[in-house]
Amino acid sequence: MEVVQMQRAWVEYTKSLFREGFLDAQFQQLQLLQDESNPDFVAEVVSLFFEDSERLLSDLTFALEQQSVDFKKVDAHVHQLKGSSSSIGAQRVKNDCIAFRSFCEEQNVEGCQRCLQQVKQDYSLVKSKLEALIRLEQQIVAAGGSIPMEELSF
Amino acid sequence: MSYRIHVYGKAERKHQKSSADQSTTNEPKEGKPTSSSRSSSDRKSFHSTKYSEGPYPNHLPSNEPQTPVKNGNTMDGDQGEEPEVPGTTVWLCCDVYDTGIGIPDNALPTLFKKYMQVSADHARKYGGTGLGLAICKQLVELMGGRLTVSSKVKCGSTFTFVLPYKVSSTCDSSDDPDDLSEMADNDAPLEDETAGFFHNSPILNGFSEDSCSFPSGNVRLKETTSVEDACSMVEVAETLSEPESSFSHSPDRDNENVVCRRKQCLDDTKSKIPNGTKNCNNHKEVSGDPPGSCQEQEKSATSSQCTSSSIPQEPESKPKPKILLVEDNKINVMVTKSMMKQLGHTMDVVNNGVEAVRAVQSCSYDLILMDVCMPVMNGLQATQLIRSFEETGNWDAAFKAGIEPCAPSSASVLDGQSSIHYHKRIPIIAMTANALSESAEECYANGMDSFVSKPVTFQKIKECLEQYLP
């Protein structure tokens, strides 16, 4: 694919992620932090987010499987996940965490388990989309092009 | 958010007080609005705007009788008292307007009061302290002006202030629009912060040899002045009846203070224009918060307290400020660090309240960004302990909380002074997730100076630095 085509695809794909609510304005903050002195910033933060989230989701699964659920612990994990998803602009995941925390407060195990499923689903979706986006970025750069951030004004 | 500035003056002077050698216009008490509000017909407005008439009360930041005004539209600051000064005075009128969530009528009467926000949960939703407008109002009134607001819910708000300026008898006037566009294209030299404000004002003069002292701090006029504004400035220059068109600010007393304040005042309004950073071509206010006028005004006004930090050229010899970030979430650390780096700062990072106390024990910081919810010890408690040290000169409270002091370093902190000496208060900014447990009141009660709501954005960090780092 030509660079121009890839760039166009990148713009369209990014816009669709915003439109569909996978990402919010905070993600643009990350993109703005990426520049010549920090060319892989988005990829780095996103990959740290994946690492962190996977650990949290596995901790959450374990905690909710216990006979006697420690809701404080569960809430602490969800709080972390909410914080990091909010910081990178992973909107659906963040919103799922907000709902999750109310069930923690109510000490509602079933509610929490449903939320966990929802979070996992949305996390998995945003992960694959972000991976695709970053792959596309890497292809553009490898082909000598630049990422057309300025075309994201919408 | 945008702003525009227009100037209008009186064609006829009303009878002046006889204190002819009193060149000041800005005795604070004279500047306060009184009950005899002037109608707009007394003023020659060079930049008139169409209004829709309406019975909505104008909000005047005082308890004066209301005058009817147009709601839902921007308006010139036509109302208000003119100071009685010898010579000719013109009014500089600045509108700062946005297309945000607007302000309901019932909130207007208390809008300018300290700590008031539109609703009880405003801070939780949008941040802010409720101090911004009160500060703006005070500043404007101290300068002999008035601050008013016009708003329509869901449409936006316009804040207008008017300030009186005496027209001097000497000037290099130039109505040449080319000069104005030249001005707009130039980065005005902005370092002249203490002298000659509104002297050879670029708005009316084009450029003179002297440094253009339009007090706008680090905001570049070219980025914020629209073509429309430039045209209106031309219009102003051409229609000004007086041959003299340069301004010199009349009050001789409190010159420097007033300069700084005005600069900051304008700085405030402009700092909200989202184009002020080197790296951001398309940088929008992307915090995701609605650009509600309350929040915006508060945020921009809080930066009114910054002084020279708004000057782009800082002396090289100034030591780098030491900043401490207390945050347990790795992603937040990475994002915040990167934002700081873009602003030219590095930070020390620790992950909980205990480590924060230890860091302060061993090092002198100029600013602390403190996450509230953390394991081991949260930000509220850590702040309490730091404040206790600042007040008492010892770390007893921390010791009681289980933090062993590091003996050699506390000695170095005290630097051979006795413990009753004053310890500089470090600005501590809470980073809150806006949970109910992290309310503004709780932050302040525990000794925090301000808070930033998460997720942290570049703009929030920037404003924080401008306000709290000298």
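Residues numbered from 1 in each chain as written. Chains lettered and ligands numbered in written order. Predicted model: local features only at pLDDT ≥ 70, side-chain atom pairs only at ≥ 80, totals over all residues. Heavy atoms only, no water.

Applicable threshold: UniProt positions are given in the numbering used here, feature names are shortened, and annotations may be inferred rather than shown by experiment.
The name recorded for chain B in an unreviewed UniProt entry is histidine kinase, from Populus alba. The record in UniProt for chain B states the following under Subcellular location (unreviewed entry): "Endoplasmic reticulum membrane". Recorded in UniProt for chain B, the comment headed Catalytic activity (unreviewed entry) runs: "ATP + protein L-histidine = ADP + protein N-phospho-L-histidine."

You'll find chain A entered in an unreviewed UniProt entry as Histidine-containing phosphotransfer protein, with Populus tomentosa given as the organism. Under the UniProt heading Function (unreviewed entry), the entry covering chain A gives this text: "Functions as a two-component phosphorelay mediators between cytokinin sensor histidine kinases and response regulators (B-type ARRs). Plays an important role in propagating cytokinin signal transduction."

Quick look at the pairing of strand E8 (residues 367-371) of chain B
Residue and element names in this part refer to chain B. The line we're drawing: Burial classification: accessible surface area is computed with a 1.4 Å probe over protein chains only, and a residue below 20% of its type maximum counts as buried, one above 50% as exposed, and the rest as partly exposed. Each helix is a run of DSSP H or I of at least 4 residues and each strand a run of E of at least 2, with the numbering of both proceeding from the N terminus. What makes two strands pair is DSSP finding at least two bridges between them.
Within E8, five of the five residues are buried, leaving the element largely enclosed by the surrounding structure. Neither face of E8 is exposed, since Leu-367, Leu-369 and Asp-371 on one face and Ile-368 and Met-370 on the opposite face are all buried. The pairing of strand E6 (residues 323-326) with E8 spans four bridges and is parallel. Of the residues in E8, the one forming a bridge with Ile-323 is Leu-367. In this structure, E8 lies alongside strand E9 (residues 428-432), joined through four bridges in parallel fashion. Counterpart to Met-370 in the pairing with E9 is Ala-430.

Here we look at the interface of chain B and chain A
Rules: Two residues form a contact once any of their heavy atoms are found within 4.5 Å. Two parts lose some accessible area (1.4 Å probe) when they are put together, and adding that loss for both gives the buried area. One side-chain nitrogen of Lys or Arg within 4 Å of one carboxyl oxygen of Asp or Glu is enough to make a salt bridge. Nitrogen and oxygen atoms within 3.5 Å of one another constitute a polar contact, given that in protein one can donate a hydrogen and the other can accept it, and given that sequence-neighbouring residues count only through two side-chain atoms.
With 23 residues of chain B at the interface, the matching set in chain A holds 27 residues. Both faces combined, the contact of chain B with chain A buries some 2,200 Å², and carbon together with sulfur accounts for 56% of it. At the junction of chain B with chain A, the criterion picks out zero salt bridges. Our count for the chain B to chain A interface comes out at seven residue pairs in polar contact (both at pLDDT 80 or more).

Side note on the UniProt feature "modified residue: 4-aspartylphosphate" (unreviewed entry) in chain B
Residues and elements named next belong to chain B. UniProt's entry tags Asp-371 with the feature "modified residue: 4-aspartylphosphate" (unreviewed entry), counted in the numbering of this structure. Tracing the chain through its elements places Asp-371 in strand E8. On the basis of relative accessibility, which here comes to 3%, the residue Asp-371 falls in the buried class. Excluding anything up to four places from it in sequence, Asp-371 contacts Val-326, Glu-327, Asp-328, Gly-379, Met-431 and Lys-454.

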